[in-house]
Amino acid sequence: MLKKTPLNAIHKQAGARMVDFGGWEMPVQYRGVIEEHLAVRNAAGLFDVSHMGEIKVDGPGALAFIQELTTNDASSLENGQVQYSALCYPHGGVVDDLTLYRFDEEHYLFCVNAANTDKDFAWMEEVLADGDFHGVALHNVSDDFAQLALQGPLAETILARLTDTAPVGIGYYHFYEGLVAGVPTIISRTGYTGEDGFELYFAPDAAENLWNALMEAGADDGLVPVGLGARDTLRLEMKYALYGHELSTEISPLEAGLGWITKLDKPSFVGREALLKQKEAGVSRRLIGFAMTEPGIPRADYPVFAEGRQVGVVTSGTMSPSLRVGIGLALVEQGFAAIGTRLQIGIRTRRVGAKVEKTPFVKKG
Amino acid sequence: MEFPEELKYTEEHEWVLIEDGVATVGITDFAQDALGDVVFVELPEVGTVLEAGKSFGVVESVKAVSDVYAPVSGEVIEINEELPDTPELVNTSPYEDGWMVKIKLADNVELDDLMDADAYQEFVEDEE
């Protein structure tokens, strides 16, 4: 039985094509992936991301626990700030990537990948039980939240029409609590598209009202509903990792280019020893972005060749709606990761030319 | 959704127009709608001999890769040269400008396996 978000009926009414995504029935597209993608790049799009999981960490021991649990340095967070981070296993593989919200020194919220929610929560309980932590309360509050992402250059303009406290002064990766169309909401200037925008967390029973209010407020600006198809192409153009593709139990954050959220100078966190060793020895493979130089579309699991032999594997690929060329991410041997390196992608029976590119693929002002 | 009367159809959602021993082949309106935005089409070379039921090409949407199967056996005598540069023709005109290959029929007997428009429409409605 697939789980449904509170907006399931609205998506179907809007003509969405629904798919099974990590056990959730989610809209993959409404009018078309390319149209939705370009709307987010040029105007604004509204995504139902209520499938994402939320886990609360409270208590006087919350920060010490989070510091041991995550790879990034949560002690640097101020109240109202968000941090991108990851959970690792002791061997350095990734449990999940996530965002961490600091309300105050004793109240934190993780937003985690939908399909990983139960796994993450079980892992957090295990780390908590294994360590010497005091005063930490852990709650899976995923059912208490619906979530919408309003993304695109016009997102702020549209949101400002529905808020009493305008989001104008809120910086990237910061959040505040306010009313959106009368609904108490965590308003977070974050996203997974590379555009300016917001992720909104609120009670599930308000989801239809808030969705309709936003769609109405943005109708004249070209706001459209956007499905998971364009969510994937948008994040790919930015080289944002997707768990299960660029990150997994077999891929370390250092290999995936997430050294910037892996704070090895922290005295301790789960996975630190293994990652430190990997860093000292040098990672043997690296995540790169590439674009096709000949016609073809790369897809996950296609082999990557150079110098007549396989040197890596594609982790994600698509036709880039912005660039109108095949682009992809791949894990390749260290020696083939430099920008400009010529590669070949094994597409069915052919080897098709590609080149390592600077990322993000799409530059935003 | 359109189901032109003059065409024959397969369970894999290809259409066939038979004229003077030549089969023109494409994918149906239902198929292009299910795929979404078509962004890449791979076709065989002229002269390739196709076997009915076997994959002869590939249609890719932004999200997915789908094989296209030969509805009849025979030799490819022409391919739609427009499709590599304008694959969206498969979406905008699946039965006309979005045609894929012309096949010189090897064996007329196979045509009995194809559905007419009414049968295909019924088949599609059962699938939905």
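All of these numbers come straight from a predicted model, not from anything done at the bench.

**Regarding the overall build of chain A**
Okay, step 1: Looking only at helices and strands, one finds eight helices and 20 strands in chain A.
Okay, step 2: Taken over the C-alpha atoms alone, chain A extends approximately 60 × 55 × 40 Å along its principal axes.
Okay, step 3: When burial is assessed residue by residue, chain A has 59% of its 365 residues classed as buried.
Okay, step 4: Residue pairs in contact within chain A that sit at least 24 positions apart in sequence constitute 65% of those at least 6 positions apart.
Okay, step 5: By element, 51% of the accessible surface of chain A is carried by carbon and sulfur atoms, the whole surface being about 14700 Å².
Okay, step 6: Between the mean site of the 32 positive side-chain charges and the mean site of the 47 negative ones, chain A shows a separation of 11 Å.

**Things to note about the side chain of Thr163(A)**
All names here are of chain A.
Okay, step 1: Relative to the helices and strands, threonine 163 is located in the loop between helix 5 (155-160) and strand 11 (175-180).
Okay, step 2: Note on threonine 163: relative accessible area 12%, which makes it buried.
Okay, step 3: Of the polar contacts made by the side chain of threonine 163, one reaches the backbone oxygen of alanine 160; its length is 3.5 Å.
Okay, step 4: Excluding residues that lie within four positions of it along the chain, threonine 163 makes contacts with Tyr176, Leu179, Val180 and Ile187.

**Observations concerning the interface of chain A and chain B**
Okay, step 1: Counting residues at the interface gives 18 residues for chain A, matched by 14 residues for chain B.
Okay, step 2: With both chains or domains summed, chain A and chain B bury close to 1300 Å², and 51% of this area falls on carbon and sulfur atoms.
Okay, step 3: When the area that chain A buries against chain B is broken down by residue, the three leading residues are Arg17(A), Arg299(A) and Arg348(A), summing to 41%.
Okay, step 4: Our count for the contact surface shared by chain A and chain B stands at six salt bridges.
Okay, step 5: Close ionic contact of Glu42(B) with Arg348(A) constitutes a salt bridge, the shortest N to O distance being 3.1 Å.
Okay, step 6: Taken together, the connections running from chain A to chain B amount to 11 residue pairs in polar contact (both at pLDDT 80 or more).
Okay, step 7: When residues of the side of chain A that touches chain B are traced back to their parent elements, those giving at least two are helix 2 (33-42), helix 7 (228-237) and strand 17 (309-320) of chain A.

**A closer look at the pairing of strand 9 (residues 101-105) of chain B**
Within a regular strand, side chains alternate between the sheet's two faces.
All names here are of chain B.
Okay, step 1: What you see with strand 9 is a clean split: Val101, Ile103 and Leu105 sit on the buried side and Lys102 and Lys104 on the side with no burial.
Okay, step 2: Two strands pair when backbone bridges link them, and strand 3 (residues 22-27) and strand 9 are joined in this way by four bridges, in the antiparallel orientation. The residue bridging valine 25 from the neighbouring strand is valine 101, located in strand 9.

**Overview of the layout of surface pockets**
Okay, step 1: In this structure, the second largest pocket occupies an estimated 530 Å³ of space.
Okay, step 2: Lining the second largest pocket are 23 residues, with Met319(A), Arg324(A), Val39(B), Pro87(B) and Glu88(B) positioned closest to its centre.
Okay, step 3: Within the residue set of the lining of the second largest pocket, elements represented by two or more residues are helix 2, strand 17 and strand 18 (325-333) of chain A together with strand 4 (38-42) and helix 2 (89-92) of chain B.
Okay, step 4: If one sorts the elements of the lining of the second largest pocket by residue count, strand 4 of chain B sits on top with three residues.

**Points about the domain arrangement of chain A**
Residues and elements named next belong to chain A.
Okay, step 1: Considered domain by domain, chain A is made up of domain 1 (3-50 + 145-237), domain 2 (53-135) and domain 3 (284-357).
Okay, step 2: On a C-alpha basis, the centroid separation for the pair domain 1 and domain 3 is 31 Å.
Okay, step 3: Between domain 1 and domain 3, the contact holds eight residues from the first and 10 residues from the second.
Okay, step 4: Together domain 1 and domain 3 conceal approximately 680 Å² of surface at their shared face, both sides included; 68% is due to carbon and sulfur atoms.
Okay, step 5: Contact with domain 3 buries surface across domain 1, with Thr233, Leu236 and Glu237 losing the most and accounting together for 65% of the total.
Okay, step 6: Our enumeration of links across domain 1 and domain 3 arrives at zero salt bridges.
Okay, step 7: In this structure, the connection of domain 1 to domain 3 is made through four residue pairs in polar contact (both at pLDDT 80 or more).
Okay, step 8: Secondary structure elements with two or more residues in the side of domain 1 that touches domain 3: helix 2 and helix 7.
Okay, step 9: Tallied by class, the residues present in the side of domain 1 that touches domain 3 amount to three nonpolar, two polar and three charged.

**Details of the environment of Ala39(A)**
All names here are of chain A.
Okay, step 1: Within the secondary structure, alanine 39 sits in helix 2.
Okay, step 2: By relative accessible area, which is 12% here, alanine 39 ends up buried.
Okay, step 3: Residues alanine 39 and proline 225, 186 residues apart in the sequence, show an inter-C-alpha distance of 9.3 Å.
Okay, step 4: In contact with alanine 39, other than residues within four places in its own chain, are Ala44, Gly222 and Val224.

**Comments concerning the packing of aromatic side chains**
Okay, step 1: Under the definition given, this model contains 13 aromatic pairs over all chains.
Okay, step 2: Judged by centre distance (5.0 Å) and plane angle (75 degrees), the ring pair of Tyr172(A) and Tyr173(A) falls under edge-to-face.
Okay, step 3: With a relative accessible area of 18%, Tyr173(A) lands in the buried category.
Okay, step 4: Following the ring pairs from residue to residue traces out a cluster consisting of Tyr101(A), Phe103(A), Phe145(A), Phe175(A) and Tyr201(A).
Okay, step 5: Sitting above the plane of the Phe305(A) ring, Arg351(A) keeps its charged end 3.6 Å from the centroid.
Okay, step 6: Sitting over the ring of Trp99(B), Lys102(B) keeps its end group 4.5 Å from the ring centre.

**Side note on the sheet that holds strand 7 (residues 65-69) of chain B**
Residues and elements named next belong to chain B.
Okay, step 1: Reading across the sheet, the three strands line up as 4-6-7 and stay open at both edges, with antiparallel pairing between neighbours. The open sheet is flanked by strand 4 and strand 7, the only strands paired with a single partner. With direction set aside, neighbouring strand axes in the sheet form an average angle of 25 degrees.
Okay, step 2: Across four bridges, the pairing between strand 4 and strand 6 (residues 55-61) is antiparallel. In the strand pairing of strand 6, glutamate 42 is matched with valine 58.

**A closer look at the sheet that holds strand 20 (residues 350-357) of chain A**
Residue and element names in this part refer to chain A.
Okay, step 1: Pairing is antiparallel in the closed barrel, where six strands are placed in the order 15-18-17-16-19-20. Within the sheet, the average angular offset between the axes of one strand and its neighbour, ignoring direction, is 45 degrees.
Okay, step 2: Relative to strand 18, strand 17 runs antiparallel, the two sharing eight bridges. Paired with glycine 317 across the bridge in strand 18 is glycine 328.
Okay, step 3: Docked against the sheet, helix 7 engages strand 17 and strand 18, running at close to 125 degrees with respect to strand 17.

Cut-offs and rules
- Starting from 1, residues in each chain are numbered consecutively following that chain's sequence as written.
- The order in which chains are written sets their letters, starting at A; the order in which ligands are written sets their numbers, starting at 1.
- Only residues with pLDDT of at least 70 are given local features in this predicted model, and only at 80 or more are side-chain atom pairs given and counted; all residues enter the totals for whole chains, interfaces and linings.
- Heavy atoms throughout the structure, all of them, feed into the side-chain values; hydrogens and water do not.
- In this description a helix means any DSSP run of H or I spanning at least four residues, a strand means any run of E spanning at least two, and both kinds are numbered starting from the N terminus.
- A simple rule labels every residue: compare its accessible area, found with a 1.4 Å probe on the protein chains alone, to the largest value its type can have, and call it buried under 20%, exposed over 50%, or partly exposed in between.
- The criterion used for residue contact is that any of the two residues' heavy atoms lie within 4.5 Å.
- Accessible surface area values rest on a Shrake-Rupley calculation with a 1.4 Å probe, where residue burial reflects the displayed protein chains alone.
- Neither His nor the chain termini are counted; the positive set is Lys and Arg, and the negative set is Asp and Glu.
- For the purpose of locating charges, the reference atoms are NZ of Lys, CZ of Arg, CG of Asp and CD of Glu.
- Pairing of N or O atoms within 3.5 Å defines a polar contact, subject to two protein rules: one partner must be a possible hydrogen donor and the other a possible acceptor, and residues neighboring in sequence count only if both atoms are side-chain atoms.
- Once two parts are joined, some of their accessible surface, as seen by a 1.4 Å probe, is lost; buried area is that loss totalled over both.
- The term salt bridge refers to a side-chain nitrogen of Lys or Arg lying within 4 Å of a carboxyl oxygen of Asp or Glu.
- Strands are treated as partners if at least two bridges between them are detected by DSSP.
- Definitions used throughout: a 1 Å grid over protein atoms alone; a cavity as a set of points that fits a 1.4 Å probe which cannot get out; a pocket as an open set with protein on both sides within 12 Å along at least five of seven lines; a lining residue as one with an atom within 4 Å of a point.
- Grid points are joined across faces, edges and corners, and a volume is the space filled by probe spheres set on the points.
- Domain extents, as shown, originate in an automatic or database domain assignment.
- Polar here means any residue other than Ala, Val, Leu, Ile, Met, Phe, Trp, Tyr, Cys and Pro, which are nonpolar, and Asp, Glu, Lys and Arg, which are charged; Gly is therefore polar.
- Two rings belonging to Phe, Tyr or Trp (six-membered ring only in the last case) form a pair when the distance between their centres is within 6.5 Å. Interplanar angles under 30 degrees mark stacking, angles over 60 mark edge-to-face geometry, and anything in between is tilted.
- We call a charge positioned over a ring when the NZ of a Lys or the CZ of an Arg lies within 6 Å of the ring centre and within 35 degrees of the ring normal.
- Under this scheme, a helix contributes an axis fitted over its contacting stretch, all axes are lines through C-alpha atoms, and angles between N-to-C directions fall in the 0 to 180 degree range.

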